[in-house]
Amino acid sequence: MAEFLLYGRTDYQEVIEFAASLREAGERTDSHRAVAFAATVAGEAALLSGDLDTASEQLIEGIDLHHRIGANAGEALSVQRLAEVHIERGEHDEALRLLDLALPLARWSPLAHHLVQRIYGTMIRATTDPDAARLMVDQAAEAIGPSDSCIFCTVMIAVPSAIACADAGDVESALGHLTMAEMSAMAWQGTAWPGALAEAKAHIAAAEGRHDDANALLEEAADLFTRAGQPLDVSRCRSTSSV
C-alpha cells in the first residue's frame, strides 16, 4: 500500500501526513511496528520529494526502530532508502556499503521477493563506472532467483539495468531490460514509472547515436517526474540532456 502511495497519484505531503497519523496511532497503542513503519514511510516520501535532510533523519530512525524489534524487512528497506539519499548526495561508496548491509537482511526476510530486486537496482545506480555497473547487472541476474521476483518490483531493477547496459554500449541487453521494465510498470498507476521508462529510453537512444531523440525523451521524463513531484529525478534528467 505504501509503495502505491509513493509511486501513484498521491501528493507526497499527504503521504507524510498519513505517516504522521499512523505514528500517532502507533504511539497511542504502543505499537512499535507501526511507529517504525511510519518513520520509514515518512523518510521515503521526504526522499522522493527532494528533502534529503528530513529523509536521512527519518530513515535512520526507521533503521533503529526496525532493528530493535527484529523486523528485517523494514530495516532492509530503510537502509536501502538511506543508500538512495547518499546516491543523491554523490556519496556512492557509502551507498554501496549500506546496500551490502541491506542485502542479507532482505534476503532472509519474509518480503525478499519485494526487496532483493530493488536493492540490486540501487547497487547498479550507485556504481558510477559504466563497465562496473554493467557487470553488476549480470551479477544481479545471477543472484536473483524466482523466489526473489515480484512483477511490481521488477521495474526497480529493470530500469537501472537498462540504463547501465545502454551506458556501457550494450544496446541489445538494454532493450531486453526495458521490455521487462515496461511490463512491470503496467501494474502501476501514476507518472513516476513512465518517467523512469522515458529516461531509460533516452539512454538507449543516446547509445544508438540518436541524440535528438535522447534529449526529447529526457525532457519527457523530466516533465513526467515534475508531475509526479520528484524534483531530484527532474534535475538528473535536465542535467544529462546534452547527451
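Rules and cut-offs
Position labels on residues start from 1 in each chain and follow its written sequence. Note on the predicted model: pLDDT of at least 70 is required for a residue's local features to be given, and 80 or more for side-chain atom pairs to be given and counted; whole-chain, interface and lining totals, by contrast, use all residues. Only hydrogens and water are set aside when side-chain values are computed; all heavy atoms of the structure are taken into account. Whenever a helix is involved, its axis is fitted only over the stretch in contact; in every case the axis is a line through C-alpha atoms, and angles between N-to-C directions fall within 0 to 180 degrees. Each helix is a run of DSSP H or I of at least 4 residues and each strand a run of E of at least 2, with the numbering of both proceeding from the N terminus. Our angle categories are set so that under 35 degrees counts as roughly parallel, over 145 as roughly antiparallel, 65 to 115 as roughly perpendicular, and the remainder as oblique. The sense of a crossing depends on the near helix, which, turned anticlockwise from the far helix by less than a right angle, makes the crossing left-handed and, turned clockwise, makes it right-handed. Residues are treated as being in contact if the distance between any of their heavy atoms lies within 4.5 Å. Patches draw on residues past 30% relative accessible area with no salt bridge. Two like charges within 9 Å are joined, as are two nonpolar side chains (Val, Leu, Ile, Met, Phe, Trp, Tyr) within 5 Å. Residue burial considers only the protein chains on display, and all accessible areas are found by Shrake-Rupley using a 1.4 Å probe. Salt bridge, as applied in this entry: a Lys or Arg side-chain nitrogen positioned within 4 Å of an Asp or Glu carboxyl oxygen. Definitions used throughout: a 1 Å grid over protein atoms alone; a cavity as a set of points that fits a 1.4 Å probe which cannot get out; a pocket as an open set with protein on both sides within 12 Å along at least five of seven lines; a lining residue as one with an atom within 4 Å of a point. Grid points are joined across faces, edges and corners, and a volume is the space filled by probe spheres set on the points. Asp, Glu, Lys and Arg are counted as charged, while Ala, Val, Leu, Ile, Met, Phe, Trp, Tyr, Cys and Pro are counted as nonpolar; the rest, among them Gly, fall into the polar class. Only protein chains enter the accessibility calculation, which uses a 1.4 Å probe; a residue is then buried when its area is under 20% of its type maximum, exposed when over 50%, and partly exposed in between. To estimate how far a helix should extend, the number of its residues minus one is multiplied by 1.5 Å.

Student: If you had to explain the packing of helix α9 (residues 154-167) against helix α10 (residues 171-185) to someone new, which residues and values would you point to?
Tutor: Where α9 meets α10, the closest approach of the two axes is 8 Å, and the angle between their N-to-C directions is 155°. Taken together, α9 and α10 sit at an angle that is classed as roughly antiparallel. The handedness of the crossing between α9 and α10 comes out as left-handed. For the pair formed by α9 and α10, the contact residues are T154, V155, A158, V159, S161, A162, C165 and A166 on the first element and S173, A174, H177, L178, M180, A181, S184 and A185 on the second.

Student: Tell me what's going on with a nonpolar patch on the surface, and back it up with residues and numbers.
Tutor: Taken together, the side chains of F4, I151, F152 and M183 present a nonpolar region at the surface, about 380 Å² in accessible area. Here F152 shows up in the loop between α8 (130-143) and α9.

Student: Run through the layout of surface pockets, naming residues and quoting values.
Tutor: One number sums up the size of the largest pocket: a volume of about 930 Å³. Looking at the largest pocket, it is lined by 39 residues, and the ones nearest its centre are R125, P160, I163, E199 and R236. Sorting the residues of the lining of the largest pocket by element identifies α3 (32-48), α5 (72-88), α7 (112-126), α8, α9, α11 (192-207) and α13 (231-239) as the ones contributing at least two each. Of all the elements, α9 adds the most residues to the lining of the largest pocket, at seven residues. Class assignment of the residues belonging to the lining of the largest pocket gives a composition of 18 nonpolar, 12 polar and nine charged. Considering only enclosed or pocket space, the second largest pocket measures out at about 540 Å³ in volume. Looking at the second largest pocket, it is lined by 25 residues, and the ones nearest its centre are E3, F37, L77, L111 and H114. A per-element tally of the lining of the second largest pocket places α3 first, with five residues. Residues belonging to the lining of the second largest pocket are distributed by class as follows: 15 nonpolar, six polar and four charged.

Student: Describe the pattern of salt bridges, listing the residues and the values that go with them.
Tutor: Under the definition given, this model contains 21 salt bridges. Notably, a salt bridge pairs R97 with E94, separated by 2.7 Å at the nearest N-O pair. With R97 and E94 both in helix α6 (residues 92-107), this residue pair falls three residues apart, about one helical turn. Taking relative accessible area as the criterion, R97 reaches 43% and is therefore assigned partly exposed. Judged by relative accessible area, E94 falls into the partly exposed class, the value being 26%. As a salt-bridge pair, R134 and D170 come within 2.8 Å of each other at their nearest N and O atoms. Taken together, the residues span a long stretch of sequence, with R134 in helix α8 and D170 in the loop between α9 and α10 at a distance of 36 residues. Within this structure, E3, E44, R81, E84, E88, R118 and R125 form a network of salt bridges that share partners.

Student: Give a detailed account of helix α4 (residues 52-68), specifying residues and quantitative values.
Tutor: Helix length check: α4 (17 residues) gives 24 Å between terminal C-alpha atoms against 24 Å at 1.5 Å per residue, within 8%. Residues of α4 that are buried include every one of L52, A55, S56, Q58, L59, G62, I63, L65 and H66, and no others. Next to the buried residues of α4 lie α2 (12-28), α3, α5 and α13.

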